[in-house]
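# Architecture at a glance
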Amino acid sequence: MADLLVPRGAAPARADGRFAPSPTGTLHLGNLRTALLAWLFARAADARFLVRIEDLDTGRVRERFAAEQLADLTALGLDHDGDVTRQSERTALYDAAVARLEGLGIVYRCWCTRAEIREAASAPHDGLPEGAYPGTCRDLPARRVADHEASGRPPALRVRADAAAERFTDRLRGPVTGVVDDFVIRRNDGAYAYNLAVVVDDGDQRIGEVVRGADLLDSTPRQRWLQRRLGLPHPGYAHVPLLLGDGGRRLAKRDGATTLAECRAAGRSAVQVRGELAASVGLARTGEAPPIEELVTRARDLLHSEVPA
Ligand code: GLU
């Protein structure tokens, strides 16, 4: 595990970081390890660290989860700069971004149902990865558009990405290439999509390095594509490995205590849990619970070591 934080790409010029949880559940230890790493990356570079609550999915968001997530970060000693921001209070920025993309003529309406997308995406399409949207609604004849409009069913908004190839160097994973499909920027229930909001916010908040779970790596080509369309700088990226349960599966209940509250109920303090998370990435020895300043020093040594050629 000790090579988990070995840099395979250069450090970004600016390192201001963030943690951006969605308040749709309790953070598990994997999420908390990602938060700890995002914090350490920023603090090891003497940079700002922001917290942003990604609460646009109103059907799934619960205020009590947001409060609990912030309390967990505090308990682990992960402080932040400025006020916590909430995406639900920033929709004017997303409106403006969509208007800008519409002005570029690269937005279209999509009436596909989930089932239609699943079916279409499972068939092979030239140059697009499996699961990508194949562009069904991209150039609909006027007659079909009129039918859809008459149906009264609201459309989602997608961008024309023309299966653009996107290449970048991830700080931890090295060179990454991805193909960008026509992704959704506003859902058909009117909610702004994650990829749009995250790009607008990372740009507006001047995030220099996005440190997040490897499960989001596939979204990064889309986000970089969007940054260029919106005239925003590219932040650096470091996708950290997910903490796995027994046998390499996703962390689950059968792995025992998976949340901070459960660990505490089992008699471990937040500082001990932080030590365990640090040990799992090679920043502490098993059973050791170093003070947070010591973790910053160790992270600095690792992250600012030579990038192997
Ligand atoms: N809100 C996203 C999540 O909780 C993370 C967004 C990001 O870090 O880019 O999965």
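Structural notes, computed from the coordinates. (Residues numbered from 1 in each chain as written. Predicted model: local features only at pLDDT ≥ 70, side-chain atom pairs only at ≥ 80, totals over all residues. Heavy atoms only, no water.)

A positive phi angle is found at A163, which is not glycine, with a value near 50°. Positionally, A163 belongs in the loop between β5 (156-159) and β6 (165-170). Within the chain, R206 stands out as a residue other than glycine whose phi angle is a positive 55°. By the element assignment, R206 lies in the loop between α6 (194-204) and β9 (209-213). Residue classification places R206 among the exposed positions, given a relative accessible area of 56%. (Helix = DSSP H or I, 4+ residues; strand = E, 2+ residues; numbered from the N terminus. Buried < 20%, exposed > 50% of the residue type's maximum accessible area, 1.4 Å probe, protein only.)

Moving on, we come to the packing of helix α1 (residues 29-44) against helix α9 (residues 270-280). For the pair α1 and α9, interaxial distance at closest approach is 10 Å and the crossing angle is 75°. Here α1 is positioned roughly perpendicular relative to α9, judged by the angle of their axes. Within the contact between the two elements, α1 uses L29, L32, R33 and L36 and α9 uses V273, R274, L277, A278 and S280. Tallied by class, the residues present in the contact of α1 with α9 amount to 6 nonpolar, 1 polar and 2 charged. (Axes fitted to C-alpha atoms, helices over the stretch in contact; angles between N-to-C directions. Parallel < 35°, antiparallel > 145°, perpendicular 65-115°, else oblique. Contact = heavy atoms within 4.5 Å. Nonpolar A, V, L, I, M, F, W, Y, C, P; charged D, E, K, R; others polar.)

Right, let's talk about the nonpolar core for a bit. Ranked by size, the top nonpolar core spans 41 residues in total, and within it L5, L40, F41 and L78 carry the most contacts. Of all the elements in the fold, those that place two or more residues in this core are α1, β2 (49-53), β10 (236-240), α8 (260-265), α9 and α10 (292-303). When residues of this core are assigned to their parent elements, the largest contribution, 11 residues, is made by α1. In terms of nonpolar packing, the next biggest core, distinct from the first, is built from 22 residues, I106, A161, V180 and F183 among them. (Core = buried A, V, L, I, M, F, W, Y, C linked by side-chain atoms within 4.5 Å.)

On to the site of the ligand. The full set of residues close to the ligand is R18, A20, P21, S22, E54, Y194, V198, R212 and L216. Here an oxygen atom of the ligand sits 2.6 Å away from a polar atom, N or O, in the side chain of R18. One of the backbone N or O atoms of A20 is found 2.7 Å from a nitrogen atom in the ligand. Compared with its free state, where it exposes 310 Å², the ligand has 77% of that area covered by protein. The residue inventory of the shell around the ligand, partitioned by class, reads 5 nonpolar, 1 polar and 3 charged. (Near = heavy atom within 4 Å. Polar contact = N/O pair within 3.5 Å; in protein donor to acceptor, adjacent residues only side chain to side chain. Areas by Shrake-Rupley, 256 points an atom, 1.4 Å probe, with all protein chains shown as cover.)

The next subject is the packing of aromatic side chains. Throughout the structure, instances matching the rule amount to 3 aromatic pairs. Lying across the ring of F65, R64 places its NZ or CZ 4.2 Å from the centre. One residue, R158, lies across the ring of Y133, its end atom 3.5 Å from the ring centre. (Phe/Tyr/Trp six-rings, centres within 6.5 Å; stacked < 30°, edge-to-face > 60°. Lys NZ or Arg CZ within 6 Å of the ring centre and 35° of its normal.)

Attention now moves to the layout of surface pockets. Taken as a whole, the second largest pocket holds about 270 Å³ of empty space. As for the second largest pocket, its lining consists of 16 residues, and the residues nearest its centre are P129, V179, D218, S219 and R222. Mapped onto the lining of the second largest pocket, the elements with two or more residues apiece are β7 (174-179) and α7 (220-229). Grouping the constituent residues of the lining of the second largest pocket by class yields 7 nonpolar, 4 polar and 5 charged. (1 Å grid on protein atoms, 1.4 Å probe; cavity = no way out; pocket = protein on both sides within 12 Å on 5 of 7 lines; lining within 4 Å. Points joined across faces, edges and corners; volume = space filled by probe spheres on them.)

Moving on to the pattern of salt bridges. Once the charged atoms of two side chains with opposite charge are near each other, the side chains can pair. Taken as a whole, this structure holds 26 salt bridges when the rule is applied. Residue R90 pairs with D201 through a salt bridge whose shortest N-O separation is 2.7 Å. Taken together, the residues R90 in the loop between β3 (85-86) and α3 (91-103) and D201 in helix α6 connect sequence positions 111 residues apart. Assigned by exposure class, R90 and D201 land together as buried. Overlapping salt bridges, with partners in common, bring together R18, R52, E54, R90, D201, D202 and D204 in one network. (Salt bridge = Lys/Arg side-chain N within 4 Å of Asp/Glu carboxyl O.)

With parallel pairing, 3 strands are arranged side by side in an open sheet as β1-β2-β3. Looking at strand neighbours, the two that pair on one side only are β1 (17-19) and β3, the edges of this open sheet. As paired elements, β1 and β2 share 3 bridges and run parallel to each other. Across the sheet, residue G17 finds its bridge partner in β2, namely F49. (Pairing = 2+ DSSP bridges.)

In this section: α7. With 7 of its 10 residues buried, α7 lies for the most part within the structure. Two residues or fewer after α7 comes G231, characterised by a positive phi angle close to 70°.

With that settled, the discussion passes to the environment of V51. Looking at where V51 falls in the secondary structure, it is placed in strand β2. Sequence spacing of V51 and P21 is 30 residues, and the spatial spacing of their C-alpha atoms is 8.1 Å. Dropping the residues within four chain positions of it, V51 is found in contact with F19, L70, L73, H80, D83, V84 and T85.

This part takes up the sheet that holds strand β8 (residues 184-186). With respect to topology, 3 strands assemble into an open sheet ordered β4-β5-β8, the strand pairing being antiparallel. Looking at the sheet topology across the chains shown, the edges are occupied by β4 (107-110) and β8. Between one strand axis and the next, the sheet turns through 45° on average, direction left out of account. Two strands pair when backbone bridges link them, and β5 and β8 are joined in this way by 2 bridges, in the antiparallel orientation. Bridge pairing in β8 places L157 opposite R186.

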